[in-house]
Structures are given as C-alpha cells and as structure tokens.
Amino acid sequence: MSNKLLMAFALMLVIEGVLPFVAPAAWRETFLRLAHMADGQIRFIGLTSMLIGVVLLFLFS
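Each value, and the rule that gives it
Residues numbered from 1 in each chain as written. Predicted model: local features only at pLDDT ≥ 70, side-chain atom pairs only at ≥ 80, totals over all residues. Heavy atoms only, no water. 1 Å grid on protein atoms, 1.4 Å probe; cavity = no way out; pocket = protein on both sides within 12 Å on 5 of 7 lines; lining within 4 Å. Points joined across faces, edges and corners; volume = space filled by probe spheres on them. Helix = DSSP H or I, 4+ residues; strand = E, 2+ residues; numbered from the N terminus. Nonpolar A, V, L, I, M, F, W, Y, C, P; charged D, E, K, R; others polar.

1. Points about the layout of surface pockets
No. 1: Here the largest pocket defines a volume of roughly 480 Å³.
No. 2: Lining the largest pocket are 14 residues, with Met12, Ser49, Gly53, Leu56 and Leu57 sitting closest to its centre.
No. 3: Of all the secondary structure elements, the ones that give two or more residues to the lining of the largest pocket are α1 (2-22) and α3 (39-60).
No. 4: If one sorts the elements of the lining of the largest pocket by residue count, α3 sits on top with 9 residues.
No. 5: When grouped by side-chain class, the residues that make up the lining of the largest pocket number 10 nonpolar, 3 polar and 1 charged.
No. 6: Counted as a void, the second largest pocket has a volume near 200 Å³.
No. 7: Taken together, Ile15, Glu16, Leu19, Trp27, Thr30, Phe31 and Leu34 form the lining of the second largest pocket.
No. 8: Taken together, the elements giving at least two residues each to the lining of the second largest pocket come down to α1 and α2 (24-35).
No. 9: Top element by residues in the lining of the second largest pocket is α2. It accounts for 4 residues.
No. 10: Partitioning the lining of the second largest pocket into residue classes produces 5 nonpolar, 1 polar and 1 charged.

Structure (structure tokens):
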C-alpha cells in the first residue's frame, strides 16, 4: 500500500512539473491569475479537482 502511495505521489509531482518546465511564462501567468482570485473561487477549483480525482479513482480501480 505505501509503495503505491509513493508511486502516486511521484506521478503527481511529474505531472505538476510538466507545465513549468515546458512553458514557464504560461505557468507564471496562470499562477498570477490564481493569486488574484477570491478564496471562494480557489476553494471551488480545489473541490472540483478533488471530486474529479475521486471519480477517476472509483472508475479505474
């Protein structure tokens, strides 16, 4: 179980690192826009991301 969790964490880091590596200017612009959003908007994005992740885990496990 812990091995799979570490593999999932490593894959998340790889995926998260693709955009800053490939297109740093676009990543910076996106991050700046995110920094100007209200807390509720950021929470909604986080909730949506978590729900999509849970649905994908349910469908593919």
